[in-house]
Amino acid sequence: MSRTRSLIELEHLSADEIAVFLKLARRMQSGQPKPLLRGKRIALLFYEASTRTRVSFEFAAKLLGTHTSVINATASSIEKGESLVDTGKTLQALGADCIVVRHPSSGAPHVLNRNLQVPIINAGDGMHEHPSQGLLDAYTILRHKKSLKGLRITMIGDIQHSRVVRSNVHLLSKFGAQIVLCGPPELLPEHAGALAPGVKVSRHIEEATRKADVVMMLRVQKERLAGLRLDANHYIAHYQLTPERLKLAKSDAIVMHPGPMVRGMEIQSEIADGPQSVIEEQVHNGVYVRMAILSICLGVQ
Ligand code: ASP
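A.B. asks: What exactly am I supposed to notice about the packing of helix 1 (residues 15–30) against helix 11 (residues 279–297) here?
C.D. replies: The relative placement of two packed helices comes down to the angle between their axes together with the axis-to-axis distance. At a closest axis distance of 8 Å, the pairing of helix 1 and helix 11 adopts a crossing angle of 120°. Every pair of crossing elements has a handedness; the one defined by helix 1 and helix 11 is right-handed. Only His284, Asn285, Tyr288, Val289, Met291, Ala292, Ile293, Ser295 and Ile296 of helix 11 make contact with helix 1, whose side of the interface consists of Val20, Phe21, Leu24, Ala25, Met28 and Gln29. Of the residues in the contact of helix 1 with helix 11, the class split is 11 nonpolar, four polar and no charged.

A.B. asks: Explain the site of the ligand here, please?
C.D. replies: Around the ligand, a shell composed of Arg102, His130, Arg163, Val164, Arg219, Gln221, Gly259 and Pro260 is seen. Between an oxygen atom of the ligand and a side-chain N or O atom of Arg102, the distance comes to 3.2 Å. Arg163 has a polar side-chain atom sitting 2.8 Å from an oxygen atom of the ligand. Across the complex, the protein chains shield 92% of the 260 Å² of accessible surface that the ligand would expose by itself. Classifying every residue of the shell around the ligand gives two nonpolar, three polar and three charged.

A.B. asks: Quick question: what am I supposed to make of the packing of helix 3 (residues 84–93) against helix 4 (residues 108–115) here?
C.D. replies: At a minimum axis separation of 10 Å, helix 3 and helix 4 run at an interaxial angle of 50°. Taken together, the axis directions place helix 3 and helix 4 in an arrangement best described as oblique. By crossing handedness, the relation of helix 3 to helix 4 is classed as right-handed. Two secondary-structure elements touch here, helix 3 through Leu84, Val85, Gly88 and Lys89 and helix 4 through Ala108, Val111, Leu112 and Asn115. Looking at side-chain class alone, the contact of helix 3 with helix 4 contains five nonpolar, two polar and one charged residues.

A.B. asks: It is not clear to me how the side chain of Asp158 should be interpreted in this structure. Could you clarify?
C.D. replies: You can see Asp158 is positioned in the loop between strand 5 (152–156) and helix 6 (163–174). Buried charge without a partner: Asp158 forms no salt bridge, and the closest opposite charge is Arg224, 7.0 Å away. A distance of 2.9 Å separates polar atoms of two side chains, one belonging to Asp158 and the other to His161. Side-chain polar atoms of Asp158 contact the backbone nitrogen of Gln221, separated by 2.9 Å.

A.B. asks: Sorry if this is basic, but what is going on with the environment of Val118 here?
C.D. replies: With respect to the secondary-structure elements, Val118 resides in the loop between helix 4 and strand 4 (120–125). Expressed as a C-alpha distance, the spacing of Val118 and Ala232, which sit 114 residues apart in the sequence, is 44 Å. Setting aside anything within four residues of it in sequence, one finds Val118 in contact with Ser6, Gln92, Ala96, Asp97, Cys98 and Ile99.

A.B. asks: Just checking my understanding: could you explain unusual backbone geometry for this structure?
C.D. replies: Leaving glycine aside, a negative phi is the common case for residues, and trans is the common case for peptide bonds. Put simply, Gly259 and Pro260 share a cis peptide bond, and its omega is -5°. Relative to the helices and strands, Pro260 is located in the loop between strand 9 (254–256) and helix 10 (269–272). Its identity is not glycine, yet Lys211 carries a phi of approximately 60°, on the positive side. Its location among the elements puts Lys211 in the loop between helix 7 (205–209) and strand 8 (214–217).

A.B. asks: Can you walk me through the sheet that holds strand 2 (residues 67–72) in this structure?
C.D. replies: One key point about sheets: their strands pair by backbone hydrogen bonds, in either a parallel or an antiparallel sense. Taken together, four strands build an open sheet; the order of strands is 2-1-3-4 and the sheet is parallel. The strands lining the two open edges of the sheet, one partner per strand, are strand 2 and strand 4. Within the sheet, the average angular offset between the axes of one strand and its neighbour, ignoring direction, is 15°. One ladder, built from six bridges, connects strand 1 (residues 41–46) with strand 2; its direction is parallel.

A.B. asks: Mind showing me how you'd approach the sheet that holds strand 7 (residues 199–202) here?
C.D. replies: With parallel pairing, the five strands of this open sheet are ordered in space as 7-6-5-8-9. The strands lining the two open edges of the sheet, one partner per strand, are strand 7 and strand 9. Ignoring which end each strand starts from, the neighbouring axes of this sheet average 20° apart. Along the sheet face, helix 5 (residues 131–142) touches strand 5, strand 8 and strand 9 and points at about 165° away from the line of strand 9.

Cut-off values and rules
- Per chain, residues are indexed from 1 in the order of the written sequence.
- Local features in this predicted model are restricted to residues whose pLDDT is 70 or higher, and side-chain atom pairs enter the listing and the counts only when it is 80 or higher, whereas totals over whole chains, interfaces and linings include all residues.
- Note: side-chain values were computed over all heavy atoms of the structure, leaving out hydrogens and water.
- The angle between two axes is taken between their N-to-C directions and runs from 0 to 180 degrees, where each axis is a line fitted to C-alpha atoms and a helix contributes only its stretch in contact.
- In this description a helix means any DSSP run of H or I spanning at least four residues, a strand means any run of E spanning at least two, and both kinds are numbered starting from the N terminus.
- The hand of a helix crossing depends on one turn: near helix anticlockwise from the far one by less than a right angle means left-handed, and clockwise means right-handed.
- Contact criterion: two residues are considered in contact whenever any of their non-hydrogen atoms come within 4.5 Å of each other.
- Classification convention: Asp, Glu, Lys, Arg as charged; Ala, Val, Leu, Ile, Met, Phe, Trp, Tyr, Cys, Pro as nonpolar; all other residues, Gly among them, as polar.
- A molecule or strand has a residue near it when one of that residue's heavy atoms lies within 4 Å.
- Within 3.5 Å is the distance limit for a polar contact, defined as a pair of N or O atoms, with the added protein rule that one can donate a hydrogen and the other accept it, and that residues adjacent in sequence qualify only through two side-chain atoms.
- What sets the accessible areas is the Shrake-Rupley method with a 1.4 Å probe; for residues, cover comes only from the shown protein chains.
- Under this scheme an angle from 65 to 115 degrees is roughly perpendicular, one under 35 degrees roughly parallel, and one over 145 degrees roughly antiparallel; angles in between are oblique.
- The classification of residues rests on relative accessible area computed with a 1.4 Å probe and restricted to protein chains. Under 20% of the type maximum is buried, over 50% is exposed, and intermediate values are partly exposed.
- The convention is simple: Lys and Arg are positive, Asp and Glu are negative, and His and the chain ends are not counted.
- Every case where a carboxyl oxygen of Asp or Glu lies within 4 Å of a side-chain nitrogen of Lys or Arg is listed as a salt bridge.
- For two strands to be treated as a pair, DSSP must find no fewer than two bridges joining them.

So, in structure tokens, the structure goes:
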């Protein structure tokens, strides 16, 4: 058995290290699941709402033969005031071999990682990163395009608050994709262009979608707006993905969304359910990618 490791962010992984996750995910998808992690205990510690990420980590862990336990902030001692580190130490003392954590504060998985011995997997921390989503998005793109290099990948919406954007930008730029970030000024700071090499910022959805290979739509993160008032009608008029706007992208462009979608806000149903949408496939692929993440983090491949 090789060494265990945590997965906190994609920013500091090399393209080669990322490729190891993608390759193992392909292997996981092509064969029958094997109980590689039989008997291990995986704790899923969720301080924020989640459907896709939580269920797919749980299914992935079970397909690998583990025992899982889901801890929700509202139904545990967290409600009684227990700190993050104390909760982590409790799970470790109970025999958890790995903790998957989602938290509203950026950096929370780092704190657990510094204070515990078991591997920590970041399932989304505040506005920082969502590495398993970044990996499953790249995996999904690669099922439709030969390579990430040179692809024009446009992300539209609430760039400012999106951990999905940060993980995707870090990953995709390491593989030579051209990234265009588009959104209203209050949700897209000018400095977003400096996130990684090859990132451009655009205020106009028509300019951003033109000749795109991938159009990734994002939800407005109401829970992180902190008093910022957004005019929904203005947003829909200028930033919603409509069939007319999608026509500006390449004819074989794919449409992605990390979910949850707010139909009629950032995306029209006609597109979400249309032939270019790979949104359900992203969800499906998430299970294989998370099987790969759990195996690598627990040192069993
Ligand atoms: N599910 C993603 C996340 O947890 C995106 C979103 O919530 O809009 O970051």
